[in-house]
Amino acid sequence: MDSANAVWLAIAAVAGLTGVAMGAFGAHGLRGVVSAELLAVYQTGVQYHFWHALAIGLIATWLGKDPNSALLLWAARFMLAGVILFSGSLYALAATGARWLGVVTPLGGTAFLVAWTVLAVYGWKRR
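Residues numbered from 1 in each chain as written. Predicted model: local features only at pLDDT ≥ 70, side-chain atom pairs only at ≥ 80, totals over all residues. Heavy atoms only, no water.

## A closer look at the nonpolar core
Point 1. Of all hydrophobic cores here, the largest spans 16 residues; its most connected members are Trp-8, Ile-59, Leu-63, Leu-72, Met-79 and Leu-119.
Point 2. Those elements that place two or more of their residues in this core are helix 1 (3-30), helix 2 (36-65), helix 3 (70-96) and helix 4 (105-126).
Point 3. Formed by 11 residues, the second largest nonpolar core is a distinct cluster that contains Val-34, Val-46, Leu-93 and Ala-98. (Core = buried A, V, L, I, M, F, W, Y, C linked by side-chain atoms within 4.5 Å. Buried < 20%, exposed > 50% of the residue type's maximum accessible area, 1.4 Å probe, protein only. Helix = DSSP H or I, 4+ residues; strand = E, 2+ residues; numbered from the N terminus.)

## Here we look at helix 1
Point 1. Taking 1.5 Å as the rise per residue, helix 1 with 28 residues should run 40 Å; its terminal C-alpha atoms sit 38 Å apart, in good agreement.
Point 2. Along helix 1, the positions that sit buried rather than exposed are Ala-4, Asn-5, Trp-8, Ala-12, Ala-15, Gly-16, Gly-19, Gly-23, Gly-26 and Leu-30. (Expected span 1.5 Å × (residues − 1).)

## Considering the packing of helix 2 against helix 4
Point 1. Two numbers describe how helix 2 lies on helix 4: the axes approach to 13 Å, and their chain directions differ by 30 degrees. For the element pair helix 2 / helix 4, the angle class is roughly parallel. In the crossing of helix 2 with helix 4, the sense of the turn from one axis to the other is left-handed. On helix 4, the residues that touch Tyr-48, His-52, Ala-55, Ile-59 and Trp-62 of helix 2 are Phe-112, Trp-116 and Leu-119.
Point 2. A per-class count over the contact of helix 2 with helix 4 returns 7 nonpolar, 1 polar and no charged. (Axes fitted to C-alpha atoms, helices over the stretch in contact; angles between N-to-C directions. Parallel < 35°, antiparallel > 145°, perpendicular 65-115°, else oblique. Left-handed = near helix turned anticlockwise from the far one by under 90°. Contact = heavy atoms within 4.5 Å. Nonpolar A, V, L, I, M, F, W, Y, C, P; charged D, E, K, R; others polar.)

## Here's the deal with the packing of aromatic side chains
Point 1. Evaluated as defined, the whole model comprises 6 aromatic pairs.
Point 2. Taken together through their ring pairs, the aromatic side chains of Phe-25, Tyr-42 and Tyr-91 make up a single cluster.
Point 3. Looking at Arg-127, its charged tip hangs above the ring of Trp-124, at a distance of 3.9 Å from the centre. (Phe/Tyr/Trp six-rings, centres within 6.5 Å; stacked < 30°, edge-to-face > 60°. Lys NZ or Arg CZ within 6 Å of the ring centre and 35° of its normal.)

## Structural notes on the environment of Thr-96
Point 1. Within the secondary structure, Thr-96 is located in helix 3.
Point 2. Residue Thr-96 is classed as exposed on the basis of its relative accessible area, which comes to 55%.
Point 3. Taking the C-alpha atoms as reference, Thr-96 lies 14 Å from Ala-36; in sequence the two are 60 residues apart.
Point 4. At a separation of 2.7 Å, a polar atom in the side chain of Thr-96 contacts the main-chain carbonyl oxygen of Ala-92. (Polar contact = N/O pair within 3.5 Å; in protein donor to acceptor, adjacent residues only side chain to side chain.)

## Considerations on helix 4
Point 1. Helix length check: helix 4, at 22 residues, gives a terminal C-alpha distance of 32 Å against a target of 32 Å (1.5 Å per residue), a fit within 8%.
Point 2. Regarding helix 4, the residues found buried are Thr-105, Gly-108, Gly-109, Ala-111, Phe-112, Ala-115, Val-118, Leu-119 and Tyr-122.
Point 3. Where helix 4 is buried, its residues touch helix 2 and helix 3.

Here it is as structure tokens:
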């Protein structure tokens, strides 16, 4: 296993672990404490967190086959940034009710879009 894909596999595992923890916290710690609307916001963060943790794991696997790919590394970086900015801002918004945190969420969404675009470019170039 190359060090780049090992690092990204570890990052994917930590992202999955924190996704489980955040999901459990939302289900058990926030239910009845925050409104149904804010709980739904929180759950959206959890869903995106999990999907992108899995995607980072897939990228880590592909890095094992193509360890020098700058495109794969950038895709992973943008996915991680998306998890932090998108999901993190939704978690914070739901837990605190601070609506201003919603301005950070689109930055995370943009990071996700860039990540998927970079991954598509990688796939297109590999054909």
